[in-house]
Amino acid sequence: MLLAYPFRLHVPRRAVPEAAVSTAVSLLVLAGAADLVPTSVVIALAGGAGATLAGVRLSRLAIRHPTDPMPAPPSGRAAGVRLDAAVVVAGLAAAVLPLVTDGHRTAALLGLLVVALLSVAGLRRLPGRQRPPAGLRLRSLIEAAGPAVGLTLAGWLLLPDDDLPVPARLVTALVLGGLGMAAISAFTGPDRRSGPAVCRGGLLLTLFGLALLAALPPGVTGRAALLVVPPLVLGMLLTALGAAASVGAAGAPPTADPAWPRAVLPAAVVLLAAGLHVGAGRAPDRTSVLLALAAVPPLVLRELLRGGDAATPERTAAHRRRAGRAVRHRRAAQSRWLGASGQPPPPGADRLPGDATATGRDGASNGLDTTWPSEGGATWSTLDRRAAPAGGGGPGDRAALLDALAAIGDVPAPAGALLLVDLHGGDVLGPSAREDLLAEAVARARATVAPGDLVTGCTGAGFAVVTAAGPVLAYALGIRLLAALIPPYLLGGSAVRVQASIGLAEVSGAGPADVLRQAELARRRAVQLGRDRVEWYDAFLEEQLVRRLDLERELPGAVARGELDLVYQPVLDLADRQPVGAEALLRWRSPVLGTVLPAELLPVAEDLDLIGELEWWVLDRACRQLANWSAGVRELWMAVNVTTRELTTPDFVQRAAAVLAAYGVSPERLVVEVSEPRIAADLSTVVARLAGLRSLGVRTALDDFRAEHASLAQLRRLPIDLLKVGPELVGARPDGQPPLIDVVVNVGERLGVEIVAEELELASQVEGAQRAGCRYGQGFALARPATAERVEAYFEEFPSASR
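The structure displayed is predicted, hence computed values, not measured ones.

Let us now look at the overall build of the protein chain. A count of helices and strands for the protein chain gives 27 helices and 20 strands. Looking at the protein chain as a whole, 49% of its 803 residues are labelled buried. Taking the contacts inside the protein chain whose residues are at least 6 apart along the sequence as the reference set, 74% of them involve residues at least 24 apart. As displayed, the protein chain has an accessible area near 36,200 Å², and 61% of this comes from carbon and sulfur atoms.

Quick look at the structure:
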C-alpha cells in the first residue's frame, strides 16, 4: 500500500543549486554552534545566500526571454516580481544583522511587515491558486485555531521574559503560533504538492523566521539564535520552487488529507516547551494558564464538527435515498437520452449549436463562451442557456444532473465527484447506430459504477456519472470506466472502436453549475492530451481556456492590423563559426496578449483556418528581408517554415516563385522547411511539392528529424538539401551506445544531404555536433533570435558571410 507522507517533496535536477545552498547553510549553522563563526554572521550569510538563489529563481519568472518556449503568463510574471521583492527584503533584514547593535528588531519588524504585504500581493496573482468556498475556509480556521493557540503557548513559554515586555512577548507568541500553524496547514493540506501550496508554505516559513529574528535579544548571541536560520532559508527556497511550479505546469491533483501532522506536531511542540520551562525551574504564570484554557473551546468545537460528520451506514443510506428522490421524477427524460425507450433524441441533441455560456453558482451567465468544435465540424457545449422544461428533459437532462450534484452538496461535509464521459468515433455512424452505441456504453458504465452512483445523460456523445466517493476513489472509478468503454462495440454485425475522454471534478462545497463547468474543462483537457484518459480539474485549466478564447478572438485580423513580426536566428558553419543564413521565426506582438510564440499561435491558426494567411505573410516578409541583405556584399540564405497543409496546396510552388520574383531574390537563397513528423499522412504530395521547389532552385529542408526506422526509410524518398536534427540526437544515449547523430550524418553523406544541428543551447552540444560531422549549427549557444537590425549588426562583425 502506498502511503502519502505529507512532507515528501519531489526535487528535480534543476534544484541542485538549492541542495548546494542548503548544504552550505547547514555547515554555517554547525560552525556557529561550535562558536567558530559569530551567530549574527551566520544568520546574515545564510539569509543572504537563500535570498540570492531564491531571488534569481523568481526573477526568471518575472523576466522571461521572448523566445522562451513556455513564457510565463502575465499573472505569473506579476507574481514573480512581488515574490522576488519579498525574498530580497527578507534577505536584507537578515543581512544587516552584523551591522547594527540595538536596531535589529526594528529592521526585522519592518522586513516582516513588507514581506507580509508583498507575499499577499504575490500569492493573489499566482497561477493555479484555488480559493476554497467560504464555508470550507471557516471550518479550516476552526480546526486550526486550537493547535495555533497551543503553538502560541509554546512560544510564550520559550521566549525570554527578561528582555521582552509582556505585551510584546504576547504579540510575538501570537504571531509565531499563527504563522507556524498556517505553515503546517499549507504543507499538509490536500493540495500540499501543488505549486501554490508550496509557495504559500515557504512564505509562511520566511515570515516565521523574521518573527523569530525580531524576538532575539540585542547582541544576537547564543546557539538558540541559530533557530532563525532553518525556517528563514528553507522558506525562501520553497517560495521560489513553489512559484516556479505554479507558473511552469498545471497543478498537482489533490491527494489524501493527512490529519495527524496538524494535531501531533503542535502537541509535541507544546510538550517540549513545557518540559523546558519546568526544567528551568520556572513556574507557570497567569498568561500561560489563560492560553492553555483558550485552546480548549476550539478543540471542543472541532470535535463536535467531526462528530457531526461521522458517516454511519444509516446516514449513508439516507443520503442515497435523498439523491434518488431528487432525480426520480426525471427518470423518464433520462431514459429517453440513454436509449432505454428506443425513441430517438430530439433533433440536434447529439451536437448542440454553439450558443451556450458558462454559468455561475447562481445560474447567471458569466460571459465565458464555452462552445468548441467537435469531430465533423459541428460545435457543441455542455451548458445550455435555455432553461430545462418543467417536466425534466432538456438537452441531456441537465436539470437531473444538477439535482444530483445539489443533493450531494447539501450534506454537512460534501464529498463526491462528477465524471463527464465523452465518446469519440461515433460520428461516422447513422443516428440509430449512434443511439445504440451510447446505450451500450451506458450499460457498460452502469455495470462498472457502485449501486448508489448515478449514470445520466448529458449533451454530446457521452454521459455523466455522479458518485459519492472521494476524489481518489472517483479517479479509480474513471480508470475502470475507461477500461470498460474502450473495447469494440458490435453494431449491425461490425465492430466499432471508440475512444473515451473523462473529466473529473470534486463536489466539495462548490455549486452544481460550477462542478459541471469544472468537469467539462477537465474533459476537454483529456481530449487535448490524446483521449483515452482521465483528467482532474485544476484552476489552471480555466486559465488555459480563457487564454485560448482570447487567442481565438484576437488572432483574426492580426495581419491587417500589422501585429505580426519576424525575428531571425542566424545559422552558423560549425567549422569556422561564420554565419551562412538565418531562420525566420514568427512572433505575434498582440497589444492585448503580449508576445505570442509559434508553439501557441499556430495550433489556434490551424483551427481557425488562418494558417495559410500567416505563412504567406511570413514568406513575403522573409523574402523582402533577404533581398535587403543580399543587396550588399553578403549572400545569405533564409529558411522559412511551412506546414504540410499549406505545402500540399496545388499552387504552392507557383506562388513561391511569384514571391521570389517580386523581390528579385535568387531561388537558391530560400530554404523551405517542413516538419518531418507531419508528412507521413500525405507523403507522395509532399515529395511532389518539394521536387517542384527544387526545380525552381529553392533549397528544401526536413525539420524535427527523429532518426527512427520509419524516418530513415522515408528520407530516401524526400528531395531535400538540408536535414535538421535536435540536440537529443547529439548527446550520448542512456544505453551507452554512440549518439544517433553519427548514424544520421552517415546517412546524410550517402544521400548528399547536409546536416543542421538545431536548438543547441550548451557548448558541449555544439562540440558534439561538430565532432559528429554536422556542417551547420543553430541555437542559443551560437546566436539568439533577434530583430533584423540586430542580426544585420551581428553579420557585420564577420568579414564574410557568403555560403
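Counting buried positions along strand β13 (residues 579-590) gives 11 out of 12 residues, so the element sits mostly inside the fold. Here strand β12 (residues 564-573) runs beside β13; their pairing, made up of 9 bridges, is antiparallel. Bridge pairing in β13 links Asp565 to Arg587. Counting the residues between successive antiparallel strands, the hairpin from β12 to β13 contains 5 residues, one of them, Arg577, with a positive phi of roughly 60 degrees. Examined bridge by bridge, β13 and strand β15 (residues 637-642) share 3 bridges and lie parallel to one another. When the bridges of β15 are listed, Ala582 appears paired with Met638. Examined bridge by bridge, β13 and strand β14 (residues 594-596) share 3 bridges and lie antiparallel to one another. From the neighbouring strand, Ser590 faces β14, where its bridge partner is Gly594.

So, about the packing of helix α22 (residues 652-663) against helix α23 (residues 683-696). Viewed as axis vectors pointing N to C, α22 and α23 meet at an angle of 30 degrees, and their least axial separation amounts to 9 Å. For the element pair α22 / α23, the angle class is roughly parallel. Considering the relative orientation of α22 and α23, their crossing is right-handed. Each of Phe652, Val653, Ala656 and Ala657 in α22 lies in contact with α23, whose residues at this interface are Arg689, Gly692, Leu693 and Leu696. In the contact of α22 with α23, the residues fall into 6 nonpolar, 1 polar and 1 charged.

Attention now moves to a nonpolar patch on the surface. Together, Leu158, Leu272 and Leu276 line one region of the surface with nonpolar side chains, adding up to about 310 Å² of accessible area. By the element assignment, Leu276 lies in helix α9 (residues 260-279).

Now for the packing of aromatic side chains. Summed over all chains, the structure comprises 7 aromatic pairs. Aromatic pair Tyr475 and Trp536: ring centres 5.4 Å apart, planes at 10 degrees, arrangement stacked. Highlighted residues: Tyr475 in helix α16 (residues 471-485) and Trp536 in strand β11 (residues 533-536), separated in sequence by 61 residues. Given the relative accessible area of 30%, Tyr475 is considered partly exposed.

In this section: the confidence of the model for the protein chain. Fine structural detail should not be taken from predicted coordinates in areas where pLDDT scores are low. Overall, the prediction assigns the protein chain a mean pLDDT of 77, with 76% of residues at 70 or greater. Residue range residues 1-13 is modelled with pLDDT below 50. Its contacts to residues more than four positions away, or to other chains, number 19 contacts. For the stretch residues 308-393, pLDDT sits under 50, and the model shows 161 contacts to residues farther than four places along the chain or on other chains.

The subject of this paragraph is the side chain of Glu758. Its place among the elements puts Glu758 in the loop between β19 (754-757) and α26 (763-772). The contact partners of Glu758, leaving out residues within four places of it in the chain, are Asp703, Asp704, Lys724, Val725, Gly726, Pro727 and Gln778.

Below, the discussion takes up the environment of Glu797. With respect to the helices and strands, the residue Glu797 is situated in the segment after α27 (788-796). Each C-alpha atom, one on Glu797 and one on Gln578, is 9.8 Å from the other, the two residues being 219 residues apart in sequence.

Read from one edge of the open sheet, 5 strands run β6-β7-β5-β10-β11, paired in mixed fashion. Strands with a single pairing partner mark the edges of an open sheet, and in this sheet they are β6 (454-457) and β11. Strand after strand, the sheet turns through a mean of 20 degrees between neighbouring axes, direction not considered. Pairing between strand β10 (residues 499-506) and β11: 4 bridges, direction parallel. Within β11, the position partnered with Gly503 by the bridge is Glu535. On top of the sheet, helix α17 (residues 512-528) reaches β5 (417-424), β10 and β11; it is set at about 145 degrees to β10, its chief contact.

A few words on the side chain of Asp573. Relative to the helices and strands, Asp573 resides in strand β12. For Asp573, a relative accessible area of 7% translates into the label buried. Within the structure, Asp573 has its side chain in polar contact with the backbone nitrogen of Ala575 (distance 2.8 Å).

At a minimum axis distance of 10 Å, the contact between α17 and helix α18 (residues 539-554) shows a crossing angle of 70 degrees. The angle between α17 and α18 places the two elements in the roughly perpendicular class. Every residue of α18 that contacts α17 at Arg517, Leu521, Ala522, Arg524 and Arg525 is listed here: Leu541, Glu542, Gln544, Leu545 and Arg548.

Even without glycine at this site, Arg531 takes up a positive phi of about 70 degrees. One can find Arg531 in the loop between α17 and β11.

With that settled, consider the pattern of salt bridges. Tallied over the entire structure, the rule returns 21 salt bridges. The shortest N-O distance in the salt bridge between Arg444 and Glu440 comes to 3.2 Å. On the criterion of helical spacing, the pair formed by Arg444 and Glu440 is a turn pair, its members being 4 residues apart in helix α15 (residues 431-448). The closest approach of N and O atoms between Glu673 and Lys724, which form a salt bridge, is 2.8 Å. Placement of Glu673 in strand β16 (residues 670-675) and of Lys724 in strand β18 (residues 722-725) is noted, with a sequence separation of 51 residues between them. Considered together, Glu673 and Lys724 belong to a single accessibility category, that of buried residues. Each of Glu583, Glu673, Lys724 and Glu758 takes part in a single network of salt bridges with overlapping partners.

Following the sequence through the fold, Gly457 ends up in strand β6. Exposure remark for Gly457: the relative accessible area of 2% places this residue in the buried category. Sequence separation of Gly457 and Leu438 is 19 residues, and the distance between their C-alpha atoms is 9.5 Å.

Structurally, Ala788 can be placed in helix α27. Each C-alpha atom of the pair Ala788 and Val567 lies 6.5 Å from the other, and the pair is 221 residues apart in sequence. Discounting residues that sit within four places of it in the chain, Ala788 has contacts with Tyr568, Gln625 and Trp629.

Rules behind the numbers
- Residues numbered from 1 in each chain as written.
- Predicted model: local features only at pLDDT ≥ 70, side-chain atom pairs only at ≥ 80, totals over all residues.
- Heavy atoms only, no water.
- Helix = DSSP H or I, 4+ residues; strand = E, 2+ residues; numbered from the N terminus.
- Buried < 20%, exposed > 50% of the residue type's maximum accessible area, 1.4 Å probe, protein only.
- Contact = heavy atoms within 4.5 Å.
- Areas by Shrake-Rupley, 256 points an atom, 1.4 Å probe, with all protein chains shown as cover.
- Pairing = 2+ DSSP bridges.
- Axes fitted to C-alpha atoms, helices over the stretch in contact; angles between N-to-C directions.
- Parallel < 35°, antiparallel > 145°, perpendicular 65-115°, else oblique.
- Left-handed = near helix turned anticlockwise from the far one by under 90°.
- Nonpolar A, V, L, I, M, F, W, Y, C, P; charged D, E, K, R; others polar.
- Patch = residues over 30% accessible without salt bridge, like charges linked within 9 Å, V, L, I, M, F, W, Y side chains within 5 Å.
- Salt bridge = Lys/Arg side-chain N within 4 Å of Asp/Glu carboxyl O.
- Phe/Tyr/Trp six-rings, centres within 6.5 Å; stacked < 30°, edge-to-face > 60°.
- pLDDT = per-residue confidence, 0-100.
- Polar contact = N/O pair within 3.5 Å; in protein donor to acceptor, adjacent residues only side chain to side chain.

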